[in-house]
Amino acid sequence: MSASLNAAVATAAVATDAADTATTAVEPLAVLGRDVTVPLVTGGEVSYAALDYAASAPALQRVWDDVAAYAPYYGSVHRGAGYLSQLSTDLFEQSRVTVAEFLDCRPSDQVVFTRSTTDSLNLLAAVLPADCQVFVFETEHHASLLPWTNARVTYLNAPRTPAEAVATLERALAGRDPYGPALVCVTGASNVTGELWPVKELAAAAHAHGARIVLDAAQLAPHHPVSVRELDVDWVAFSGHKLYAPFGSGVLAGRADWLQEAEPYLAGGGASRKVARREDGGVDVEWHTTAARHEAGSPNVIGVYSIASACRALTEAGFENLVERERHLIAKVREGLAEVPAVRVLSLFGDDAPRVGVISFVVDGWNSSHFAAALSAEYGIGVRDGLFCAHPLVRTLLGSEPQAQGECGAPEAAPGERSLNAIRVSFGAGTPDEHVERFVRAVGELVADGAKWQYRTEEGRCVPAV
């Protein structure tokens, strides 16, 4: 590649405003939407407090600036001989290197770009060897609970301590067929409780029994460093939209053998190395053995580049700083909620368990959908309510008996369970102190004084009555 082309790629990889990327242990990273104001039903406007990071984190300003710097150079990937096509291809493949470094992958590992964590785990499920046994805790997000329909699945009961999680897995693996392939799927941090799981210990248990392990790092990677080598996991999956990168891209990184031995996840251009007609009228196909084997079609180069940009930004900010600041925010929220007797925080492993900035709770006397609607309409605070695509876990934490029907029902709940839902507040590297302080104050005021507005159920959601 020419020196001028290398220079262009380097230019596109640099944020246009370096001052925006600076951080300390007490300052949030700059994110899009930080200055957005929203109307309140009680009158006036307020800056929006985005406290739903566990669903989708706001894009880092650094990522947006990097993408804007690259946008004029946009071109087809792996398809063209032109300058912009070569530049875009180089940027795409360099992004693969950046992600591998971010995850501390082994030299032999492959980084496959997908649409999301869900897509990554469905890809892995599609390449499982025949008669593979899969072991998964009922506490998983649906993305890692549901894809294994073509395998023999053992669902493990929710553990109440990290040690119990390891012991439960060891017992299950000890009773498996010792000669067939096996896979363990486990989360790094719960999308409901935020609690960290003993991934390294679970990986050791899996390998001791001849099984492999995939880590769902969707909630872990945005908050803590993830080292494939240190954790000794076989694969890791995560989504860009939770890692402060927009545009709908994800990653599956890890061992190449099962990926190379299986038919492509999608058949089409890019996955095929050579295609020829046979004399009998059929078609012979030679598939790629690289990551391209499972990346058919024109790739989402901007989405991929945004993930790489986010990986660089978080690394440069320093996870030590980010973790320290997040602990400060977690303490603020937990201490504030503890002062409201009506609030019950949900937990598997107990109050002292280490966690990321994800906290779910219920409020006595309140339907969770109603409470979340009031936080939004009266305080400009965005949280999430429901079962968080982790229905078995939330039902375990809340108990199976539905509460009395409240003023507003839970969205998309089964009959008889319209009140069996919770509220989730989540935050991260871009959250200012004011947002969590406003949230804690709002919880206290709503519990003490009630909502200032009337609400009704509309298409399954609780909304302000007008």
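This is a predicted model, so every value here is computed, not measured.

Asks: I'd love a proper account of the confidence of the model for the protein, names of residues and values included.
Replies: When pLDDT drops low, the exact placement of atoms in the prediction is not to be read closely. Scored by pLDDT, the protein has a mean of 90; 90% of the residues are at 70 or more. Confidence over residues 13-25 falls short of pLDDT 50; this stretch has 25 contacts with residues more than four positions distant or in other chains.

Asks: Give me the lowdown on the pattern of salt bridges, citing residues and values where you can.
Replies: Opposite charge on two side chains permits pairing when their charged atoms draw close. Applying the stated criterion across every chain, the model contains 24 salt bridges. Across the pair Glu286 and Arg273 runs a salt bridge whose closest N-O atoms are separated by 2.5 Å. Pair noted here: Glu286 is in strand β12 (residues 283-287) and Arg273 is in strand β11 (residues 272-277), with a separation of 13 residues, a long-range link. For Glu286, a relative accessible area of 30% puts it in the partly exposed group. Its salt-bridge partner being Glu434, residue Arg438 comes within 3.0 Å of it at the nearest N-O pair. Taken together, the positions of Arg438 and Glu434, both in helix α14 (residues 433-449) and four residues apart, correspond to about one turn of that helix. Residue Glu434 is classed as partly exposed on the basis of its relative accessible area, which comes to 36%. Members of the salt-bridge network, linked through shared partners, are Arg62, Asp66, Arg312 and Glu316.

Asks: Would you mind going over the nonpolar core in detail, with residue names and values included?
Replies: When a protein is soluble and globular, its nonpolar side chains tend to lie buried together. Ranked by internal contacts, the top residues of the largest apolar core, which has 85 residues, are Val99, Leu103, Leu169, Leu215, Val226, Phe238 and Val251. For this core, the leading source of residues is helix α10 (residues 301-317), giving nine residues. The residues contacting Val99, other than those within four sequence positions of it, are Val111, Phe113, Phe238, Val251, Ile307 and Cys311.

Asks: Provide a residue-level description of unusual backbone geometry, including the pertinent values.
Replies: The phi dihedral of Asp232 falls on the positive side, at around 60°, and the residue is not glycine. Within the secondary structure, Asp232 sits in the loop between α8 (228-231) and β9 (235-239). Its identity is not glycine, yet Phe388 carries a phi of approximately 60°, on the positive side. When you line up the elements, Phe388 lands in the loop between β16 (384-386) and α13 (391-398). On the basis of relative accessibility, which here comes to 6%, the residue Phe388 falls in the buried class.

Conventions we followed
Residues numbered from 1 in each chain as written. Predicted model: local features only at pLDDT ≥ 70, side-chain atom pairs only at ≥ 80, totals over all residues. Heavy atoms only, no water. pLDDT = per-residue confidence, 0-100. Contact = heavy atoms within 4.5 Å. Salt bridge = Lys/Arg side-chain N within 4 Å of Asp/Glu carboxyl O. Helix = DSSP H or I, 4+ residues; strand = E, 2+ residues; numbered from the N terminus. Buried < 20%, exposed > 50% of the residue type's maximum accessible area, 1.4 Å probe, protein only. Core = buried A, V, L, I, M, F, W, Y, C linked by side-chain atoms within 4.5 Å.

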